[in-house]
Amino acid sequence: MTDPEDLAERVREGDLRLHELEDHADYDTAAEARRLLVERETGTELEAIGDYAFPAERADPNIENMIGAAQVPMGVVGPVPVSGGAADGEHYLPLATTEGALLASVNRGLSVIRAADGADARVTKNGMTRAPVFRVDGVAEAAETVDWVEGNFEALREAAESTTSHGELLDIEPYVVGDSVYLRFAYDTKDAMGMNMATIATGEACELVERETPASLVALSGNLCSDKKPAAVNAVEGRGRSVTADVQIPGELVEERLHTTADAIAEANTRKNLIGSAKAGSLGFNAHAANVVGAAFLATGQDEAQVVEAANTITTMDARERADGTTDLYASVSLASLEVGTVGGGTKLPTQAEALEILGLKGGGDPAGSNADALAEIIAVGALAGELSLLGALSSRHLASAHEDLGR
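These figures come from a predicted structure and were not determined experimentally.

Trainee: Describe the overall build of the chain, and please don't skip the residues or the numbers.
Mentor: Summing up its helical and strand segments, the chain has 14 helices and 10 strands in all. Taken along its principal axes, the extent of the C-alpha atoms in the chain is 75 × 65 × 40 Å. Sorting the 408 residues of the chain into buried and exposed places 50% on the buried side. In the chain, of all internal contacts separated by at least 6 residues, the share reaching a separation of at least 24 is 72%. For the chain, the computed accessible surface area is about 18,500 Å², with 48% contributed by carbon and sulfur atoms. Computed over 31 positive and 67 negative side-chain charges, the inter-centroid distance for the chain is 4 Å.

And the structure:
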């Protein structure tokens with residue numbers, strides 16, 4: 001067995017580079033050697049970082065220069081009651097976070113939703129995007145390129161889909177800015193989040209565009225996709241799954257469980273989430289949807305940077321008068337850009353795979369795409385619960401006291 005001390009010394013002497021250690025030892029030994037090096041170089045003990053519970057080789061597709069694992073506390077909320085297009089019944093939702101009071105708040109919202117006979121949820125649009133940018137001489141060549149693309153969708157689809165056995169090209173939307181042509185490709189990536197799938201497929205299609213038009217590819221991603229950045233195009237057109245969840249809560253239940261009224265919550269939502277967000281120039285019109293999305297992403301192995309797009313969520317709250325004169329609360333969240341998958345990427349790691357098993361959504365669904373759709377719907381209902389709880393606390397002025405009671 002290779003000695004990690006020897007490997008660490010060879011790196012220190014410049015005989016080996018950090019990323020070359022797996023060529024000389026098994027993955028766990030390589031990780032140990034890096035820890036030894038970092039400990040000695042920084043004077044830090046990495047006992048907790050090195051105490052991980054899976055073979056380091058399992059993480060090889062997900063990380064380079066591994067030294068261990070970051071352990072984030074994970075809890076569970078639920079059951080989440082959802083009647084969806086793909087998800088149905090009650091599901092426990094694992095959430096990983098360091099924010100105290102978050103899970104307690106979500107559970108409070110879920111208890112209200114359960115008492116109101118559950119929430120409805122639907123994926124309304126699906127399309128992972130990649131938008132390459134091409135250079136042309138001017139607007140005439142730009143128009144020529146766009147005309148060719150619009151007239152040859154089937155050829156482009158054949159080229160793109162030749163790289164994958166699962167992905168389907170749905171649409172290509174062209175944008176022209178001076179001598180730049182952007183083509184926003186959208187794919188159905190089934191149960192995969194699909195960013196890599198979309199990138200590889202688009203690369204193949206770009207070769208065809210270059211052969212048949214005056215356009216020259218500058219970058220496979222031209223930022224009109226738009227990945228891991230706040231972008232209005234995602235808020236409007238969506239990216240990944242666009243999903244909406246809603247519930248109607250009897251007024252007496254609002255008063256009993258949230259200690260406020262439907263009118264008060266609706267007003268708080270309008271003044272805070274809608275007007276306040278508009279004044280701030282925000283692309284998200286919600287209270288804290290990214291809290292639930294981020295915690296669900298960490299727990300289930302999603303790409304945590306894509307919480308940026310999920311923060312595009314719009315929350316609506318409306319007081320609805322019934323025939324008997326009482327007032328109910330209609331509540332909804334609409335997440336335009338929820339990029340989730342149940343296969344590939346971090347979903348293969350042991351901890352995250354177990355979290356998906358809790359949901360009953362590990363791996364590919366039948367039909368293909370149904371597991372990722374169900375995950376999106378469940379996360380949406382969890383986000384709705386979080387919005388209800390926080391807006392209830394704000395409108396009843398209980399937010400500070402709730403954190404104080406939980407010692408956070």
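Picking up where we left off.
Trainee: I'd like a description of the packing of aromatic side chains, backed by residues and values.
Mentor: Per the counting criterion, the structure on display carries two aromatic pairs. Taken together, a centroid distance of 5.5 Å and an interplanar angle of 50° make the contact between Tyr-52 and Phe-54 tilted. Accessibility assignment for this pair places Tyr-52 and Phe-54 in one class, buried. Ring centres of Phe-185 and Tyr-187 lie 6.4 Å apart, and the angle between their planes is 10°; on these two criteria the pair is classed as stacked. Neither residue differs from the other here; Phe-185 and Tyr-187 are each classed as buried.

Trainee: Describe the packing of helix H3 (residues 102-115) against helix H13 (residues 370-395), listing the residues and the values that go with them.
Mentor: The geometry of a pair of packed helices is captured by two quantities: the angle between their axes and the separation between those axes. At a minimum axis separation of 7 Å, H3 and H13 run at an interaxial angle of 100°. Here H3 lies roughly perpendicular to H13, going by the angle between them. Side by side, H3 and H13 meet where Ser-105, Val-106, Arg-108, Gly-109, Leu-110 and Ile-113 of the first sit next to Val-381, Gly-382, Leu-384, Ala-385, Gly-386, Leu-388, Ser-389, Leu-390, Gly-392 and Ala-393 of the second.

Trainee: Explain helix H10 (residues 289-300) to me, and be specific about the residues and the numbers.
Mentor: With 12 residues, H10 should reach 16 Å at 1.5 Å per residue; the first-to-last C-alpha distance of 17 Å fits that figure. When H10 is considered as a whole, its buried residues turn out to be Ala-289, Val-292, Val-293, Gly-294, Ala-295, Ala-296, Phe-297, Ala-299 and Thr-300. Positive backbone phi, approximately 80°, marks Gly-301, located one or two places after H10.

Trainee: Describe the domain arrangement of the chain, and please don't skip the residues or the numbers.
Mentor: By domain assignment, the chain separates into domain 1 (4-59), domain 2 (74-125 + 236-407) and domain 3 (132-219). When each unit is reduced to the centre of its C-alpha atoms, the spacing between domain 1 and domain 2 is 40 Å.

Trainee: Explain the pattern of salt bridges to me, using residue names and the numbers behind them.
Mentor: Inspection of every chain in the model, using the stated rule, returns 21 salt bridges. Between Arg-322 and Glu-252 there is a salt bridge whose closest N-O contact spans 3.8 Å. With Arg-322 in the loop between strand E9 (314-321) and strand E10 (327-338) and Glu-252 in helix H8 (residues 251-258), this pair connects stretches of sequence that are 70 residues apart. For Glu-252, a relative accessible area of 47% puts it in the partly exposed group. Overlapping salt bridges bring together Asp-227, Arg-239, Glu-309 and Glu-339 as one network.

Trainee: So what about the nonpolar core? Which residues, and what values?
Mentor: One recurring pattern in soluble globular proteins is that nonpolar side chains are buried together. Grouped together as the largest cluster of nonpolar side chains are 56 residues, with contacts concentrated most on Ile-113, Val-247, Ile-249, Leu-338, Val-381, Leu-384 and Leu-388. Of all the elements, H13 adds the most residues to this core, at 12 residues. Contact partners of Val-247, with chain neighbours within four places excluded, come to Ile-113, Ala-116, Gly-118, Ala-119, Leu-329, Tyr-330, Ala-331, Leu-384 and Leu-388. Counting residues in each nonpolar core, the second largest holds 25 residues, with Ile-172, Phe-185, Ala-201 and Val-209 among its members.

Trainee: Before we move on, can you summarise the environment of Ala-33 with the specific residues and values?
Mentor: Relative to the helices and strands, Ala-33 resides in helix H2 (residues 27-42). Ala-33 gets classed as buried once you look at its relative accessible area, which sits at 0%. For the pair Ala-33 and Glu-64, spaced 31 residues apart in the sequence, the C-alpha separation amounts to 14 Å. Contact partners of Ala-33, with chain neighbours within four places excluded, come to Pro-4, Leu-7, Ala-8 and Leu-21.

Trainee: Explain the environment of Asn-286 to me, and be specific about the residues and the numbers.
Mentor: With respect to the helices, strands and loops of the structure, Asn-286 is situated in the loop between helix H9 (262-280) and H10. You can call Asn-286 buried: its relative accessible area is 14%. Each C-alpha atom of the pair Asn-286 and Asp-120 lies 19 Å from the other, and the pair is 166 residues apart in sequence. Asn-286 has contacts with Asn-273, Ser-277, Ala-311, Asn-312, Thr-313, Thr-315 and Glu-387, leaving out every residue within four places of it along the chain. Only 3.1 Å separates the side chain of Asn-286 from the backbone nitrogen of Ala-289, close enough to count as a polar contact.

Trainee: Now, about a nonpolar patch on the surface: what can you tell me, with residues and values included?
Mentor: A surface patch of nonpolar side chains, about 280 Å² in accessible area, is lined by Val-76, Tyr-92 and Ile-358. On the secondary structure map, Tyr-92 appears in strand E2 (residues 88-96).

Trainee: Describe the state of the cysteines, and please don't skip the residues or the numbers.
Mentor: Tallied over the entire structure, the rule returns zero disulfides. Looking at the unpaired Cys-206, the closest cysteine sulfur is the one in Cys-225, lying at 10 Å. By relative accessible area, which is 1% here, Cys-206 ends up buried. Cys-225 sits in the buried class, given a relative accessible area of 0%.

Quick notes on the rules
Residues numbered from 1 in each chain as written. Predicted model: local features only at pLDDT ≥ 70, side-chain atom pairs only at ≥ 80, totals over all residues. Heavy atoms only, no water. Helix = DSSP H or I, 4+ residues; strand = E, 2+ residues; numbered from the N terminus. Buried < 20%, exposed > 50% of the residue type's maximum accessible area, 1.4 Å probe, protein only. Contact = heavy atoms within 4.5 Å. Areas by Shrake-Rupley, 256 points an atom, 1.4 Å probe, with all protein chains shown as cover. Lys, Arg positive; Asp, Glu negative; His and termini not counted. Charge placed at Lys NZ, Arg CZ, Asp CG, Glu CD. Phe/Tyr/Trp six-rings, centres within 6.5 Å; stacked < 30°, edge-to-face > 60°. Axes fitted to C-alpha atoms, helices over the stretch in contact; angles between N-to-C directions. Parallel < 35°, antiparallel > 145°, perpendicular 65-115°, else oblique. Expected span 1.5 Å × (residues − 1). Domains from an automatic or database assignment. Salt bridge = Lys/Arg side-chain N within 4 Å of Asp/Glu carboxyl O. Core = buried A, V, L, I, M, F, W, Y, C linked by side-chain atoms within 4.5 Å. Polar contact = N/O pair within 3.5 Å; in protein donor to acceptor, adjacent residues only side chain to side chain. Patch = residues over 30% accessible without salt bridge, like charges linked within 9 Å, V, L, I, M, F, W, Y side chains within 5 Å. Disulfide = S-S within 2.5 Å.

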